[in-house]
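The lines below spell out each chain.
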Amino acid sequence: MLPFGWLTDPGVNQGPHRPCNLTFDEQKAQMTLWSMAKSPLIYGGDLRHLDNSTFSIMTNPTLLKINYYSKNNMEFHYVSGETTSNTRHSGHLSPRYPVNPTKHDGMVVGLTSCTNDQANGWFVFPQDGKSDHICRIYETENGKNVSFCLGKTKPLLASDDDIMEKEEDQTKFHLAVADINDSCLDASASRRRTASEVKLLMFSRCKWHARQMWELNDKGNLVSSYSRLCATVESSKEAVGITGARAWIATGSKGEIYLAFFNLDSVSRKITARISDLEKVLGTTFVRKHSCSCSEVWSGRNLGLLEEEISAAVNPHGCVVFELMC
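The rules behind the values
- Residues numbered from 1 in each chain as written.
- Predicted model: local features only at pLDDT ≥ 70, side-chain atom pairs only at ≥ 80, totals over all residues.
- Heavy atoms only, no water.
- Salt bridge = Lys/Arg side-chain N within 4 Å of Asp/Glu carboxyl O.
- Helix = DSSP H or I, 4+ residues; strand = E, 2+ residues; numbered from the N terminus.
- Buried < 20%, exposed > 50% of the residue type's maximum accessible area, 1.4 Å probe, protein only.
- Pairing = 2+ DSSP bridges.
- Axes fitted to C-alpha atoms, helices over the stretch in contact; angles between N-to-C directions.
- Contact = heavy atoms within 4.5 Å.
- Disulfide = S-S within 2.5 Å.
- Phe/Tyr/Trp six-rings, centres within 6.5 Å; stacked < 30°, edge-to-face > 60°.
- Expected span 1.5 Å × (residues − 1).
- Patch = residues over 30% accessible without salt bridge, like charges linked within 9 Å, V, L, I, M, F, W, Y side chains within 5 Å.
- Areas by Shrake-Rupley, 256 points an atom, 1.4 Å probe, with all protein chains shown as cover.
- Arc of directions from axis to C-beta.

Draft legend 1. Seen up close, the pattern of salt bridges. Considering all chains together, one arrives at nine salt bridges under this definition. In this structure, Lys28 and Asp25 form a salt bridge, with 3.9 Å as the shortest nitrogen-oxygen distance. Here Lys28 pairs with Asp25, and both are found in helix α1 (residues 24-36), just three residues apart, close to one helical turn. In this structure Lys28 comes out as buried when scored by relative accessible area, which is 15%. As a salt-bridge pair, Arg228 and Glu215 come within 2.9 Å of each other at their nearest N and O atoms. Of this pair, Arg228 sits in the loop between β15 (222-224) and β16 (230-235) while Glu215 sits in strand β14 (residues 214-216), placing them 13 residues apart in sequence. For Arg228, a relative accessible area of 46% translates into the label partly exposed. Connected through salt bridges with shared partners, the residues Arg274, Glu308 and Glu309 form a single ionic network.

Draft legend 2. Broad picture of the sheet that holds strand β20 (residues 291-296). Pairing is antiparallel across the open sheet formed by six strands, whose spatial order is β3-β17-β18-β23-β20-β21. Edge positions in the sheet fall to β3 (71-75) and β21 (302-307), since each has one partner strand and no second. Mean inter-strand twist for the sheet, computed between neighbouring axes without regard to direction, equals 20°. Taken together, the seven bridges between strand β17 (residues 245-251) and strand β18 (residues 257-263) define a ladder with antiparallel strand orientation.

Draft legend 3. Examining the side chain of Asn263 more closely. Structurally, the position occupied by Asn263 is in strand β18. For Asn263, a relative accessible area of 2% corresponds to the buried category. Sequence-distant contacts of Asn263, defined by excluding residues within four places in its chain, comprise Gly244, Ser268, Arg269, Ile271, Val314, Asn315, Pro316, His317 and Gly318.

Draft legend 4. Representation of the state of the cysteines within the structure. Within this structure, the stated rule accounts for three disulfides. In this model Cys114 forms its disulfide with Cys230; the gap between the sulfur atoms is 2.0 Å. One disulfide, between Cys114 and Cys230, carries an S-S torsion of 95° and so falls in the right-handed class. Placement of the pair is Cys114 in the loop between β7 (107-112) and β8 (122-125) and Cys230 in strand β16, with a sequence separation of 116 residues. Note on Cys114: relative accessible area 24%, which makes it partly exposed.

Draft legend 5. A look at the packing of aromatic side chains. This model, assessed by the stated rule, comprises three aromatic pairs. Taken together, a centroid distance of 4.7 Å and an interplanar angle of 80° make the contact between Tyr68 and Tyr69 edge-to-face. Across the pair, Tyr69 and Tyr68 agree in class, each one exposed. Measuring from ring centre to ring centre gives 5.6 Å for Phe261 and Phe322, while their planes differ by 80°; the resulting arrangement is edge-to-face. One end of the pair, Phe261, is in strand β18; the other, Phe322, is in strand β23 (residues 319-325), with 61 residues separating them in the sequence.

Draft legend 6. Here's a closer look at α1. Counted at 1.5 Å a residue, the expected span for α1 with its 13 residues is 18 Å, and the 18 Å between its end C-alpha atoms agrees. Burial analysis of α1 places ten of its 13 residues in the buried class, which makes it a mostly covered element. Among the residues making up α1, those that are buried are Glu26, Gln27, Lys28, Ala29, Gln30, Met31, Thr32, Leu33, Ser35 and Met36. Against α2 (52-58), α3 (61-69), β3, β17, β18 and β23 lie the buried residues of α1.

Draft legend 7. Layout of a nonpolar patch on the surface. A surface patch of nonpolar side chains, amounting to about 260 Å² of accessible area, comprises Phe123, Phe125 and Ile137. Relative to the assigned elements, Phe123 resides in strand β8.

Draft legend 8. Highlighting the side chain of Gln30. By secondary structure assignment, the location of Gln30 is in helix α1. In this view, Gln30 contacts Met1, Leu2, Pro3, Phe4 and Leu22; residues no more than four positions away in its chain are not counted.

Draft legend 9. Local environment of the environment of Leu47. Take Leu47: it is sitting in the loop between α1 and α2. Sequence spacing of Leu47 and Trp6 is 41 residues, and the spatial spacing of their C-alpha atoms is 8.3 Å.

Draft legend 10. Seen up close, the environment of Arg274. Positionally, Arg274 belongs in strand β19 (residues 269-274). The contacts of Arg274, once residues within four sequence positions are left out, are Glu308 and Glu309.

Draft legend 11. Spatial organisation of helix α4 (residues 275-282). When we look at burial in α4, the residues that qualify are Ile275, Asp277, Leu278 and Leu282. Looking straight down α4, one finds that the buried residues subtend no more than 155° of arc, so they occupy a single side. Looking one or two residues past α4, Gly283 carries a phi angle of roughly 85°, positive in sign.

Draft legend 12. Geometry of the pairing of β17. Most of β17 is tucked away: seven of the seven residues are buried. The side-chain alternation of β17 yields two buried faces, one formed by Ala245, Ala247, Ile249 and Thr251 and the other by Arg246, Trp248 and Ala250. Strand direction decides the pairing type here: β3 and β17, joined by three bridges, are antiparallel. Of the residues in β17, the one forming a bridge with Met74 is Ile249. Linkage of β17 to β18, two consecutive antiparallel strands, is achieved through a turn of five residues, within which Gly255 is found at a positive phi near 90°.

Function cannot be inferred from these measures alone, as they are strictly geometric.
Printed below as a string of structure tokens:
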């Protein structure tokens, strides 16, 4: 959900009784990420006490257009970030969003758009007399091929509010970690857990719930039934030194490119992307020249014609969204 506006805490019968704890920048960043990832926009606040700021975030016409109509939605890894202290972090950001440890062969699991090439390559590895494994071969920086596998299991039915219809889930399965008892791959990385549950962000106690249901399609994508994002995997050594700069891209029906910068740091950060890298990812269909007319979505500012690169100072935990025509 989008926890904006006037809210009620869990377990409280009277309410709502408190405003959203997120800053205005954090609310815009969440709305932007949900829209760029084409996630369902479910409002979690009280519509009877809807303030103008919250209403403006939820009804931004460009963000709603991106959420509903855009294509080629994916994380964009070719960005650089510079904090206010002028510490430079440049280059290809290899970690996916989000990156979470698994304690499994030195690999980490993340979620990304299913159109991302990094989501391909999953396959079934049969086990004689045992449950099949779902595996992916991953090439490390030194050129060594590493296999990453999770055990495929059919979940048992349970009687709670999260039960899904048995008939429609014949192709779905759990993915369990061999060296951790009763621990299944869980697509809801932000879910709260009790102290007794497994303390791994992408794994939790096995239940019959859409968060833990996965499907393997013909393209070799391991698809989450909960988020419709796809699983990816990489060496944990490559996840060291994650910087506070992230970016997503999407395209519109009239040739627009939407580029969103996210600052994960608690200090302001200048984030930059090169137009040539947009061409590298999207091709000449959308990037026909190395200059783009540009406007910023949240502020409504027309930035004119930008040459070679797009750059912006982004507030702590904030974002900017550009609409480009190249």
